[in-house]
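The primary structure of each chain is shown beneath.
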Amino acid sequence: QVQLVESGGGLVQAGGSLRLSCVASGSIFTITSMGWYRQAPGNERELVAVMTQSGSTNYADSVKGRFTISMDNTKKTLCQVDLQMNSLKPDDTAVYYCYVGSWSRTGDYWGQGTQVTVSS
């Protein structure tokens, strides 16, 4: 099992910045990728950014050039993924979920979600 603890998020004005962090513990040796998805009211959950253990990244077109994902997998018992969000727009308002891809039988993991609200 992998346990996730998210932090960050909150309320910010358009053009501002926020940083989200997600720390994974437990069976981190099963992790293949970490990242973030988001879901706005009335919308489906969508990919924001994902990074593999080898460092490959995938960003949603809407956040390219504004968001940066990073991962720290150097610790023995923890693995952390951060999302630096700059030049935020009201359209970025959503609940952001930490995502962990895993090869274990239990499948992938999701955080509890953290609210990001961007005011105009």
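Residues numbered from 1 in each chain as written. Predicted model: local features only at pLDDT ≥ 70, side-chain atom pairs only at ≥ 80, totals over all residues. Heavy atoms only, no water.

Caption draft 1: Inspection of the packing of aromatic side chains at higher detail. Evaluated as defined, the whole model comprises four aromatic pairs. Ring pairs connect the aromatic residues Tyr37, Tyr99 and Trp110, which therefore count as one cluster. The ring of Tyr97 carries Arg45 above its face, with NZ or CZ at 3.7 Å from the centroid. Over the face of the ring belonging to Trp110 we find Arg45, whose NZ or CZ atom lies 4.7 Å from the ring centre. (Phe/Tyr/Trp six-rings, centres within 6.5 Å; stacked < 30°, edge-to-face > 60°. Lys NZ or Arg CZ within 6 Å of the ring centre and 35° of its normal.)

Caption draft 2: Inspection of unusual backbone geometry at higher detail. One non-glycine residue with positive phi stands out, namely Ser87, at about 50°. Tracing the sequence through the fold places Ser87 in the loop between strand 8 (78-85) and strand 9 (94-102). (Helix = DSSP H or I, 4+ residues; strand = E, 2+ residues; numbered from the N terminus.)

Caption draft 3: Region of interest: the state of the cysteines. The tally for this structure, following the rule as stated, stands at one disulfide. Note on cysteine connectivity: Cys22 is disulfide-linked to Cys98, with sulfurs 2.1 Å apart. Here the S-S torsion is close to -85°, and the disulfide linking Cys22 with Cys98 is therefore left-handed. Of this pair, Cys22 sits in strand 3 (residues 18-26) while Cys98 is found in strand 9, placing the two residues 76 residues apart along the sequence. Like Cys22, the residue Cys98 is buried in the burial classification. Distance from the sulfur of Cys79, which forms no disulfide, to the nearest cysteine sulfur (Cys22) is 9.0 Å. (Disulfide = S-S within 2.5 Å. Buried < 20%, exposed > 50% of the residue type's maximum accessible area, 1.4 Å probe, protein only.)

Caption draft 4: Quick look at the nonpolar core. Formed by 33 residues in total, the largest nonpolar core has its most connected members in Met34, Trp36, Leu83, Met85 and Tyr96. Once residues lying within four places of it in the same chain are set aside, the contact partners of Met34 are Cys22, Ala24, Val50, Met51, Ile69, Met71, Cys79, Gln80, Val81, Tyr99 and Val100. (Core = buried A, V, L, I, M, F, W, Y, C linked by side-chain atoms within 4.5 Å. Contact = heavy atoms within 4.5 Å.)

Caption draft 5: Representation of the sheet that holds strand 1 (residues 2-7). Spatial ordering of the open sheet is given by 1-3-8-7, a layout of four strands whose pairing is antiparallel. Both edges of this open sheet fall to strand 1 and strand 7 (67-72), since each of them pairs with a single strand only. Each strand axis lies, on average, 15° off the axis of its neighbour in the sheet, ignoring direction. By the bridge criterion, eight bridges tie strand 3 to strand 8 in an arrangement that is antiparallel. The residue of strand 8 that forms the bridge with Ser25 is Leu78. (Pairing = 2+ DSSP bridges. Axes fitted to C-alpha atoms, helices over the stretch in contact; angles between N-to-C directions.)

Caption draft 6: Representation of the environment of Ile28 in the model. Along the chain, the position of Ile28 falls in the loop between strand 3 and strand 4 (31-39). Assessed through its relative accessible area of 13%, Ile28 is described here as buried. C-alpha of Ile28 to C-alpha of Lys76: the two residues are 48 residues apart in sequence and 8.7 Å apart in space. Setting aside its immediate chain neighbours within four residues, Ile28 contacts Lys75, Lys76, Thr77, Leu78 and Cys79.

Caption draft 7: Summary view of the pairing of strand 7. Residues Phe67, Ile69 and Met71 line the buried face of strand 7, whereas the alternating positions Thr68, Ser70 and Asp72 sit on a face that is not buried. In this structure, strand 7 lies alongside strand 8, joined through six bridges in antiparallel fashion. What sits directly across from Ser70, in strand 8, is Asp82. Between strand 7 and the antiparallel strand that follows it, strand 8, lie five residues.

By themselves, these are just geometric observations and shouldn't be taken as functional.
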